[in-house]
Amino acid sequence: MNPVNSEHINLDRLEFGAQDKNNISLYLLRLDKIHPEISGNKWFKLRFYLDDAIAQNKQTIATLGGAWSNHILATAAACKLNGLHSIGIIRGERPHDLSYTLKKATEYGMNLIFIPRSEYKQKIMPPDLASREDVYLIDEGGYGEKGMLGAATIAEFYKQQKFTHICCAVGTGTMMAGLIKASGPLQQILGISVLKNNWSIEKEIKALLGENGQHIRYSVNHNYHFGGYAKYNDSLIAFMNDFYRHTQVPTDFVYTAKMVYGVYALLERNFFPPGSRILLIHSGGLQGNNSLLHETLIF
Ligand SMILES: *Cc1c(COP(=O)(O)O)cnc(C)c1O
């Protein structure tokens, strides 16, 4: 699969926050910089699926998502870059006006098929799609072993540094499983769940990891979802603006802002031992901020 601009990825030291007192340092891996639309972790999760599709001579990728899905847009853009057709199976009715995300996806040549929420939930494929030989299906959010293995390659950008903690946002858990797989035995992986009461996520991560990686210490925190997937409140928005003012780093309200907020809240509660070297993964997703009212964010 054609690479994106991985040379744009950098590791920023974060000077913002109260960490100095305990000799704790914070770093941010800027995966958001690789591409405006194939943002952050999505390219890493997609890469081995696309390689596999190309190797199998499939010309079309089909995948699922909602109207603001980073995964849908990333798939559309990545397919375009690699000369593949793409089909997005979208949850719900076709709206009168397409969301920013879906409009962009169609600009990348993606065909959209809208299916009722009840069918989406049960993952019932449109019948003509299920029987097509040229179609390679990728699960929602890129969940699956290839997604995990792709996400594990994120570690190449920070492996040389001795971080004690790696922190990331958790949706399907695919990225987190990849980070766990790629980590050393002395590192802790901390996931901040962006879904409400998603208690089965640990099991799903375990299922992806199989026998490997079980020895690594990891945990998912369920306290910073702000009411659930894509929910937010004024304090999250205020935090995003404040964080941007101090660091010039934009975050997205669905994933990365909740993760960064959660890490700072845990810092304040002395969750991290003195001397910790903490890496936060900026997994991208900035295009999703287009669903917010104008002027909500200062960036
Ligand atoms: C999809 C996404 C995640 C979550 O990744 P999972 O592998 O599904 O847990 C995190 N951050 C951003 C910006 C995303 O788009």
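About the cut-offs
- Residues numbered from 1 in each chain as written.
- Predicted model: local features only at pLDDT ≥ 70, side-chain atom pairs only at ≥ 80, totals over all residues.
- Heavy atoms only, no water.
- Buried < 20%, exposed > 50% of the residue type's maximum accessible area, 1.4 Å probe, protein only.
- Helix = DSSP H or I, 4+ residues; strand = E, 2+ residues; numbered from the N terminus.
- Arc of directions from axis to C-beta.
- Contact = heavy atoms within 4.5 Å.
- Pairing = 2+ DSSP bridges.
- Axes fitted to C-alpha atoms, helices over the stretch in contact; angles between N-to-C directions.
- Near = heavy atom within 4 Å.
- Polar contact = N/O pair within 3.5 Å; in protein donor to acceptor, adjacent residues only side chain to side chain.
- Areas by Shrake-Rupley, 256 points an atom, 1.4 Å probe, with all protein chains shown as cover.
- Nonpolar A, V, L, I, M, F, W, Y, C, P; charged D, E, K, R; others polar.
- Domains from an automatic or database assignment.
- Parallel < 35°, antiparallel > 145°, perpendicular 65-115°, else oblique.
- Left-handed = near helix turned anticlockwise from the far one by under 90°.

Talk me through helix H8 (residues 201-209); I want residue IDs and the actual numbers.
Residues of H8 that are buried: Ile201, Ile205, Leu208 and Leu209. One face of H8 carries all of its buried residues, which in axial projection span an arc of 100 degrees. Exposed side of H8, more than 90 degrees from the buried face: Lys203 and Ala207 are the residues found there. On the buried face of H8, the contacting elements are helix H6 (145-152), strand S7 (165-170), helix H7 (174-181) and strand S9 (217-221).

Before we move on, can you summarise the environment of Ala74 with the specific residues and values?
Position of Ala74 relative to the elements: it lies in helix H2 (residues 70-81). Judged by its relative accessible area of 0%, Ala74 is buried. For the pair Ala74 and Ala105, spaced 31 residues apart in sequence, the C-alpha separation works out to 8.2 Å. Excluding anything up to four places from it in sequence, Ala74 contacts Glu37, Ile38, Ser39, Lys42 and Leu46.

Residues and numbers for the sheet that holds strand S3 (residues 60-65), please.
Taken together, four strands build an open sheet; the order of strands is S5-S4-S3-S6 and the sheet is parallel. Each of the sheet's edge strands pairs with one partner strand only, and the pair in question is strand S5 (111-115) and strand S6 (135-138). Across the sheet, the mean angle from the axis of one strand to that of its neighbour is 25 degrees, orientation sign disregarded. As defined by bridge partners, S3 adjoins S6 across four bridges and the pair is classed as parallel. Note that in S6 the partner of Ile61 across the bridge is Tyr136. Packing against the sheet, helix H1 (residues 41-55) makes contact with S3 and S6, and its axis sits at approximately 160 degrees to S6.

Tell me about the site of the ligand, and please be specific about residues and values.
In the vicinity of the ligand lie 15 residues, with Lys42, Lys45, Gly171, Thr172 and Ser283 positioned nearest. Between Asn41 and the ligand, the recorded distance is 3.1 Å, taken from a side-chain N or O atom to an oxygen atom. In this structure, an oxygen atom belonging to the ligand sits 2.8 Å away from a main-chain N or O atom of Gly173. Within the complex, the protein chains bury 98% of what would otherwise be the 390 Å² of accessible surface of the ligand. Elements supplying a minimum of two residues to the shell around the ligand: H1, S7 and H7. Of all the elements, H1 adds the most residues to the shell around the ligand, at three residues. Across the shell around the ligand, the residue classes break down as four nonpolar, nine polar and two charged. Two domains each donate at least three residues to the shell around the ligand, and these are domain 1 (6-35 + 151-291) and domain 2 (41-142).

Explain the packing of H1 against H6 to me, using residue names and the numbers behind them.
Put simply, H1 and H6 touch, their axes get as near as 6 Å, and they point 125 degrees apart. Taken together, the axes of H1 and H6 are oblique relative to one another. Considering how the two elements wind past one another, H1 and H6 form a crossing that is right-handed. From H1, Phe44, Lys45, Arg47, Phe48, Tyr49 and Asp52 reach across to H6, where they touch Glu145, Lys146, Gly147, Leu149, Gly150 and Ala151. Looking at the contact of H1 with H6, its residues break down into five nonpolar, two polar and five charged.

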